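A closer look at the structure
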Amino acid sequence: MTDVLKWMPRRPAERSSQPDDPEGVMRLSHRLVALHVGGIVLLLFLVLSTSLWISAQHNKLALESSQRLVANALGSEREAAYTLVRDYAFWDAGYAAAITDDRDWLYASVGSSVVELATFDLVVISGAGHAPEIGWVRTSPEEGEVDILPPQLLDEIYGLLDNPGPATYLTTTMFAEFNGSLWIFAVARLTPVDGPPADVLEADLPREIHGYELTQKKLAALGDGLLAENLTLSRSVAPGQASIPIPDVHGNTLFYLVWDAPRSGASILRKAAVPMFLALAIATAISAISSLFAVRSARRLEKALAAAKAADRSRMEFLSNVSHELRTPMNGVLGATQLLETTELNPEQQEFVGLLRSSANAQMSLISDLIDLSRIDAGRRRIEAAPFAPLTILNEVADMMRVIAVKKGIRLDAKWNAPKDLVFCGDGQAFRQVMTNLIGNAVKFTDHGGVAVETTATEDSGRIKLCVSVTDTGPGIPEAALPRIFERFYQVDGSMSRLAEGTGLGLAISQKLVQSMGGDIQVTSVYGSGSTFTFIASFDVQTDASEARSAA
Ligand code: ADP
């Protein structure tokens, strides 16, 4: 007994820890790979978002420092203009010429001075209370007086000079629009070195106005020295562009100094490329290493699986090989028990012999079931293709089971709703085994009422589909137990099934047999009311008349 148990297949619960599913192993390694890919994507996402954040901060800083630098540069332009004006505003001769309206001198001396200065584009000297008398544009001297400042601008410049505002730089320089472009103007009075004559009022001193045009070219040169890219002058600012407003003397914005902020995409790409590639390289390396481990463990699992399968096979082969050796002594025990029963025994001895018989029967059916299962598992149970008459087999099984049913006081009815002379080509032995198990179970578990076996046959693309349902009024099967009912050794209530002499292998064997016939067994049950097991399989009809006759 212990030897037999040692070679019994393991129970499903124990087997579940075994890697007996090669697809499961592959699924596991696929899952691992998917996990790695997910990890890489997450890592990339983190790297990218960090790079984006760093880049945004960097851009912001660059922008702020550009704005500061441009503002400083403009401030120093104004400062330079003021310094130059102050340096050249002490000409006695110039003063005298302006007062006496000596134009020749003014043209000659102021012109050459301006050429020396070279920083200013425009110099205007204007007598007090007069329209500007001399204008000179360095960049186009031939045009001479053409670009004399318009009276309105002059008024503003004079006003600025006469009424210095709160901002210091505005007292000597100002931004104004002239000839359609932006200019910085520096203003001074021509004051004799010894001071103005006593009869000349300060307000009447001639003015000297120097203009400096902020052209795009100069701005570009300004931008080159700064962090700013694409520095331009514009009247409007597009959203997203960084800018500095340039106010006129009244504080109104004349122009904006604008520059395209470094484009975020390019900047991100430039800045993020290195960490991204680094992260990618690290992630790829990690992924490669862990995939290597995954593949190695999958291989190890596959090997373990193959070893387990080989062990299982040799166990099954052993069991199937020793079937004869197991059965023979049990047949001896059963035969001797039967003989013993025919002798004269007192009631106590009869009870002992009865116990011996039922134990030997149970042992025999367990051995038979195990051997059947091992033969199926080892692939030694082949489905036959021989003529058999299903009605004959069903009647024989029903007659056999009816003996037990009658003893238990329950009914066993069989209804055949198909042609009586139906002969199939298939495995009659397997059909008999399944029917014996299903009807046997129904009778075994039913104590009241009865068992009804009903058969129908339908055409199924040139074959005949046989459907045998076995319905009982037994205890029924709890819903939770239904999915496990075909598992090996599974019994709904172990104690009850043992009472009914079960092994828990009958349904597992039946299902395997039906599946190898290409059919199926289904079960429905209402716990407390009864169960219905249905056998469904399609068979070829036996066409050879003589064979069919002999089978029937
Ligand atoms: P057993 O030898 O225990 O009958 P089976 O594999 O044939 O083994 O059945 C497994 C279990 O299924 C049984 O122990 C029993 O709990 C349940 N079972 C099978 N048929 C029926 C039925 N007709 N009514 C109630 N329970 C059943």
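The sections below set out a description of the structure shown in this document.

Rules behind the numbers
- Residues numbered from 1 in each chain as written.
- Predicted model: local features only at pLDDT ≥ 70, side-chain atom pairs only at ≥ 80, totals over all residues.
- Heavy atoms only, no water.
- Helix = DSSP H or I, 4+ residues; strand = E, 2+ residues; numbered from the N terminus.
- Buried < 20%, exposed > 50% of the residue type's maximum accessible area, 1.4 Å probe, protein only.
- Areas by Shrake-Rupley, 256 points an atom, 1.4 Å probe, with all protein chains shown as cover.
- Expected span 1.5 Å × (residues − 1).
- Polar contact = N/O pair within 3.5 Å; in protein donor to acceptor, adjacent residues only side chain to side chain.
- Near = heavy atom within 4 Å.
- Contact = heavy atoms within 4.5 Å.
- Phe/Tyr/Trp six-rings, centres within 6.5 Å; stacked < 30°, edge-to-face > 60°.
- Lys NZ or Arg CZ within 6 Å of the ring centre and 35° of its normal.
- Salt bridge = Lys/Arg side-chain N within 4 Å of Asp/Glu carboxyl O.
- Axes fitted to C-alpha atoms, helices over the stretch in contact; angles between N-to-C directions.
- Left-handed = near helix turned anticlockwise from the far one by under 90°.
- Nonpolar A, V, L, I, M, F, W, Y, C, P; charged D, E, K, R; others polar.
- Patch = residues over 30% accessible without salt bridge, like charges linked within 9 Å, V, L, I, M, F, W, Y side chains within 5 Å.
- Lys, Arg positive; Asp, Glu negative; His and termini not counted.
- Charge placed at Lys NZ, Arg CZ, Asp CG, Glu CD.
- Core = buried A, V, L, I, M, F, W, Y, C linked by side-chain atoms within 4.5 Å.

Our next topic: the overall build of the protein chain. Of the regular secondary structure elements, the protein chain holds 16 helices and 15 strands. Looking at the protein chain as a whole, 40% of its 552 residues qualify as buried. Roughly 30,100 Å² of accessible area belongs to the protein chain as shown, and the carbon and sulfur atoms make up 58% of that amount.

A separate point is helix α13 (residues 428-445). Each α-helix winds once per 3.6 residues, and so residues spaced three or four apart point in a common direction. For α13, which comprises 18 residues, the first-to-last C-alpha distance of 26 Å matches the rise-based estimate of 26 Å (1.5 Å per residue) to within 8%. One side-chain oxygen of the residue at the start of α13 lies 3.2 Å from the amide nitrogen of Gln429, identifying that residue as Asp427.

In the neighbourhood of the ligand, 20 residues make up the surrounding shell, with Asn441, Asp472, Gln491, Thr503 and Leu507 lying closest. Contact between the ligand and Asp472: a nitrogen atom at 2.9 Å from a side-chain N or O atom of the residue. For the ligand, the protein covers 98% of the area, taking 530 Å² as the surface of the free molecule. Of all the secondary structure elements, the ones that give two or more residues to the shell around the ligand are α13, α15 (506-516) and β15 (530-541). Considering every element that reaches the shell around the ligand, the biggest residue donor is α13, with 5 residues.

This brings us to the environment of Gly450. Relative to the assigned elements, Gly450 resides in strand β12 (residues 450-460). Overall, the relative accessible area of 9% leaves Gly450 in the buried class. Sequence separation between Gly450 and Ile410 is 40 residues; the distance between their C-alpha atoms is 4.9 Å. Other than its neighbours up to four places away in sequence, Gly450 contacts Ile410, Arg411, Thr471, Asp472 and Thr473.

On to the packing of aromatic side chains. Summed over all chains, the structure comprises 9 aromatic pairs. Measuring from ring centre to ring centre gives 5.9 Å for Trp183 and Phe185, while their planes differ by 10 degrees; the resulting arrangement is stacked. Ring centres of Phe535 and Phe539 lie 6.5 Å apart, and the angle between their planes is 15 degrees; this geometry places the pair in the stacked category. An aromatic cluster is present here, built from Phe388, Phe424, Phe431, Phe535 and Phe539 joined pairwise through their rings. Above the ring of Phe255, the side-chain terminus of Arg235 is found at 4.6 Å from the ring centroid.

Here the focus is the pattern of salt bridges. Throughout the structure, instances matching the rule amount to 8 salt bridges. Arg357 serves as the salt-bridge partner of Glu341, at 2.9 Å between the closest nitrogen and oxygen. Taken together, the residues span a long stretch of sequence, with Glu341 in helix α10 (residues 323-342) and Arg357 in helix α11 (residues 347-377) at a distance of 16 residues. With a shortest N-O distance of 2.9 Å, Glu487 and Arg484 are connected by a salt bridge.

Across the interface, α11 lies against α15 with an axial gap of 10 Å and an inter-helix angle of 30 degrees. The interaxial crossing formed by α11 with α15 has left-handed handedness. Of the residues in α15, those in contact with Asp369, Asp372, Leu373, Ile376 and Asp377 of α11 are Gly506, Ile509, Lys512 and Leu513. Grouping the constituent residues of the contact of α11 with α15 by class yields 4 nonpolar, 1 polar and 4 charged.

With that settled, consider a positive patch on the surface. A cluster of like positive charges, contributed by Arg296, Arg299, Arg300 and Lys303, occupies part of the molecular surface. Here Lys303 lies in helix α9 (residues 264-321).

Further remarks concern the environment of Ile40. Along the chain, Ile40 turns up in helix α3 (residues 22-87). Accessibility expressed as a relative area gives 19% for Ile40, which makes it buried. Along the chain, Ile40 and Ala279 lie 239 residues apart, while their C-alpha atoms are 8.7 Å from each other. Setting aside residues no more than four positions away along its own chain, Ile40 makes contact with Ala283 and Ser287.

Moving on to the nonpolar core. Formed by 50 residues in total, the largest nonpolar core has its most connected members in Phe431, Ile439 and Phe535. No other element matches α13, which puts 8 residues into this core. Dropping the residues within four chain positions of it, Phe431 is found in contact with Phe388, Pro390, Ile393, Leu394, Leu466, Val468, Met517 and Phe535.

For the rest of this paragraph, the subject is unusual backbone geometry. Although it is not a glycine, Ser461 adopts a positive phi angle of roughly 35 degrees. Checked against the element boundaries, Ser461 lands in the loop between β12 and β13 (463-472). Positive phi values are uncommon outside glycine, yet Phe489 reaches one of about 65 degrees. Relative to the helices and strands, Phe489 resides in the loop between β13 and α14 (494-499).

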